Every structure is written in C-alpha cells, then in structure tokens.
Amino acid sequence: MNILVTGGAGYIGSHAARLLDKSGHNVWIYDNLVYGHRAAALPGKLVEGDIADRERVVSVLKEHAIDAVMHFAAFALVGESVAEPHKYYRNNVIGTLELLEAMRSAEVSKIVFSSTTATYGVPDNIPITESERQDPINPYGFSKLVIEKALADYAHAYDWGYAALRYFNAAGASPDGTIGEDHTPESHIIPIVLQVALGQRDNITIFGNDYPTPDGTCIRDYIHVDDLADAHLKALDLLEPSSNLQLNLGTGSGQSVKQIIEACRRITGHPIPTTIEQRRPGDPAELVADSSLAQRVLGWTPRYTDVNDIVSTAWQWHRSHPRGYAS
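So, a few notes on the structure that sits alongside this text. Given the structure is predicted, the values throughout are model-derived calculations rather than measurements.

## Side note on the overall build of the protein
For the protein, the helix and strand inventory stands at 10 helices and 13 strands. A compact globule built from 327 residues would reach a C-alpha radius of gyration of about 20 Å, and the protein, at 19 Å, matches this within 12%. Along the three orthogonal principal directions, the C-alpha set of the protein runs to about 55 × 45 × 40 Å. Looking at the protein residue by residue over its 327 residues, the buried ones come to 56%. For the protein, restricting intrachain contacts to residue pairs at least 6 apart in sequence, the fraction spanning at least 24 positions comes to 76%. A total accessible area of about 13600 Å² is found for the protein, and carbon and sulfur atoms account for 48% of it. Here the protein holds 27 positive side-chain charges and 40 negative ones, and the gap between their average locations is 2 Å.

Here it is in structure tokens:
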C-alpha cells in the first residue's frame, strides 16, 4: 500500500515509517519539522507541510495515490498543554480535523491514529482495560479523546476504517542505534536519566517518593517504540470499511521511577545521583496497561518485556548521539 505517515520525522513516527518501508509498503513522510528531524525521515520520502494546510495535504494524498494514513503529528507535552491549551486545540484538534477533511476530499478512508493513555485520566482500575472510563485531566489527553470521537463519527458516516491506539510510555530506540529519541525539551524519564550518565545533567529529580506504591515512586508501563510500530503495522492490515479498533498498547508490567533509575545505573555503569522533590500535580500513582485485547485482535506480542533491554537500546542511541540528531 501507499502510506502517508504524518509526523513521520518524529520519535514514534520515524520508527513506524521504517518498519512500513521494510515490510514492503511505499511510504511518504509528511512533517512540518517543528519537533521532527529531517535526519529521522526516510531518505527521499519527506514532504514538508502542516496538517492544517488542507489543500497541500489533498495534493500530497492524490499525487502519491495514498491508500491509508498513519497519523502521529501532534504536540504531546502534558505540562505545556495545561499552560498553553490553545496550542493543543489548534494543532491536535483543528489540525487533525483538517487532515480528516483532506482525506475525504482525496477519498482516503483508512487511518491509524496515535492516541494515548492520557485519555483515561486517573483510572479507577489497574491494569487499565479499554472499557475504563475516559476522563482526561489535561488538554493534551482531551485533544486526543476528541479525535477518537471524531474518528468514530467519520467511520459511521463515511464507511471509514480506523484504529485508535492508546500508548502507554513509549521508550527505547532502534536496536541498530540509527534512530531514536530526540526531544527539545526532553520530558521522558529514560533519556533524562541517561543525560545524567552522559554528564549533561548533575542528577535526576524524583517528583514524589510518598506514593502508595512499593517504593513510594510512580509506576508506569514502558513499551518499546519498535513494539509500538509493529502494532501499527498489524492494525493497518486489519482495517476495513466501517471497521474500528480502540486498543491499549503496553507490556502489562509496571516499573517505578526508582526501578528505571536502577536499570539505567546497571546499563551505563554510572551512579546517577538523585534528588527528591514534591509530587507534581496530576501524576497518578500507577498506570499499567491491560493489552490483552490488542494481543488477541492484532496477533501482536511485545518483544521487549525486560526494562533492561529497553534501556539498553536507548543507551546505544544516546551514547552514539549525545546531542541527538545534531550529533
């Protein structure tokens, strides 16, 4: 198939685009490079543009006879979304609705959407199943939920096939060390901890050590970026007119902040000093996926289930690219 990957020069999008290419699909990257990196895109496949530019998207869809879209282009900083909600509603909601209308104009009716565990807010049950109440507590999560609802309506009205894949904590990098995580500012814990090992930070701050968890720190489900990419590929293969999938993507195993730091110490051999500060508002104590539905429906199983293996791939990337793609 001919696939357009929006945000395909970003962290998860670039890994998905590479897997699609290796699997024999003809892939095109559409990215405005605000957060993406030219070096992360497939060579010769990058089209620069914004998803809110409907006419340009229509032109690209038609020119390359696109059969389906994988949509990763979004702003994804929770704290920033609270401070600057307009940015998230304009890009994640209005921009995506423009993309959907461009798809309608070009008669493209299949889409795999990058959603998030943030649509659940503070869950009532752990592990989290797809039937958990979706009640986001920040504009980022709400912006993703709005699009999930829009996709359901488009599928019903226009016979579209779609998948909304709700990620837990994306982590790691391509095992060959050629593409990986490079955010400015960096907000994910594993790269931040590894920056200490690289001498780019003096220590890592733990926000809260008094949570109702075994070691007092927050627990999250870390899913390798290549496992996420594999789930997207499998979801794409299942899309049919009027079909829909809403699936959690995680390992089903939680790691605390302290456990992540210990794994980084083991892998890097660096002591990685820590400091403790008060909890951040809105941080749930525990977020762990029940991804049994995704495994059953997609025939998908995460390959990276040991956090040490996930950290090892991240360390290989960050050690060889200490300044990210600028290296």
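## Structural notes on the packing of aromatic side chains
Tallied over the entire structure, the rule returns 6 aromatic pairs. Ring centres of Phe-75 and Tyr-88 lie 5.9 Å apart, and the angle between their planes is 65°; this geometry places the pair in the edge-to-face category. In this pair, Phe-75 is assigned in the loop between strand E4 (68–71) and helix H3 (78–83) and Tyr-88 in helix H4 (residues 85–106), connecting sequence segments 13 residues apart. One exposure class covers both Phe-75 and Tyr-88, and it is buried. Taken together, Tyr-35, Phe-75 and Tyr-88 form an aromatic cluster joined through their ring pairs. A cation over a ring is seen here: Lys-45 above Trp-28, with NZ or CZ 4.3 Å from the ring centre. Taking the ring centre of Phe-75 as reference, the NZ or CZ of Lys-87 above it sits at 4.7 Å.

## Here we look at unusual backbone geometry
Leaving glycine out, the prevailing phi sign among residues is negative, and the prevailing peptide bond configuration is trans. Going from Ile-126 to Pro-127, the amide bond is cis rather than trans, its omega being 0°. As for its placement among the helices and strands, Pro-127 is situated in the loop between strand E5 (110–116) and helix H5 (139–158). The omega torsion of the bond from Thr-184 to Pro-185 falls at 0°, within 30 degrees of zero and hence cis. Take Pro-185: it is sitting in the loop between strand E7 (169–171) and helix H6 (189–197). Positive phi is not limited to glycine here, since Glu-107 has a value of about 60°. Mapped onto the elements, Glu-107 comes out in the loop between H4 and E5. When its relative accessible area of 72% is taken as the criterion, Glu-107 is described as exposed. At Asp-159, a residue that is not glycine, the phi angle is positive and equals roughly 60°. Of note, Asp-159 is situated in the loop between H5 and strand E6 (161–167).

## Observations concerning the sheet that holds E6
Read across the sheet, 7 strands follow the order E3-E2-E1-E4-E5-E6-E10 without closing on themselves; strand pairing throughout is parallel. Each edge of the sheet is formed by a strand with only one pairing partner; in this case those strands are strand E3 (46–48) and strand E10 (244–249). Averaged over neighbouring strand pairs, the angle between their axes works out to 20° when direction is ignored. Looking at chain direction, E6 and E10 are connected through 6 bridges and run parallel. Looking at the pairing, Tyr-162 lines up with Asn-244 of E10. Against the sheet, H4 makes contact with strand E1 (2–6), E4 and E5, and its axis sits at roughly 170° relative to E4, the strand it touches most.

## Overview of the pattern of salt bridges
Taken as a whole, this structure holds 13 salt bridges when the rule is applied. One salt bridge connects Asp-210 with Arg-279, and the closest N-O pair in it is separated by 2.9 Å. Here the residue Asp-210 occupies a position in the loop between strand E8 (204–207) and strand E9 (219–224), and Arg-279 occupies one in the loop between strand E12 (274–277) and strand E13 (286–287), the gap between them amounting to 69 residues. Residue Arg-279 is classed as partly exposed on the basis of its relative accessible area, which comes to 41%.

## Things to note about the layout of surface pockets
Looking at the second largest pocket, its volume works out to about 150 Å³. The wall of the second largest pocket is formed by 14 residues, among which Asp-182, Gln-195, His-318, Pro-322 and Gly-324 lie closest to the centre.

## With respect to the environment of Gln-195
Summarising the element assignment, Gln-195 is placed in helix H6. Taking the C-alpha atoms as reference points, Gln-195 and Trp-315, 120 residues apart in sequence, are found 9.7 Å from one another. Non-local contacts of Gln-195, meaning those with residues more than four positions away in its chain, are made with Glu-186, Gln-200 and Arg-201. A polar contact is formed between the side chain of Gln-195 and the side chain of Arg-201, at a distance of 2.5 Å.

What counts and what doesn't
- Residues numbered from 1 in each chain as written.
- Predicted model: local features only at pLDDT ≥ 70, side-chain atom pairs only at ≥ 80, totals over all residues.
- Heavy atoms only, no water.
- Helix = DSSP H or I, 4+ residues; strand = E, 2+ residues; numbered from the N terminus.
- Rg over C-alpha atoms; globule rule 2.2 N^0.38 Å.
- Buried < 20%, exposed > 50% of the residue type's maximum accessible area, 1.4 Å probe, protein only.
- Contact = heavy atoms within 4.5 Å.
- Areas by Shrake-Rupley, 256 points an atom, 1.4 Å probe, with all protein chains shown as cover.
- Lys, Arg positive; Asp, Glu negative; His and termini not counted.
- Charge placed at Lys NZ, Arg CZ, Asp CG, Glu CD.
- Phe/Tyr/Trp six-rings, centres within 6.5 Å; stacked < 30°, edge-to-face > 60°.
- Lys NZ or Arg CZ within 6 Å of the ring centre and 35° of its normal.
- Pairing = 2+ DSSP bridges.
- Axes fitted to C-alpha atoms, helices over the stretch in contact; angles between N-to-C directions.
- Salt bridge = Lys/Arg side-chain N within 4 Å of Asp/Glu carboxyl O.
- 1 Å grid on protein atoms, 1.4 Å probe; cavity = no way out; pocket = protein on both sides within 12 Å on 5 of 7 lines; lining within 4 Å.
- Points joined across faces, edges and corners; volume = space filled by probe spheres on them.
- Polar contact = N/O pair within 3.5 Å; in protein donor to acceptor, adjacent residues only side chain to side chain.

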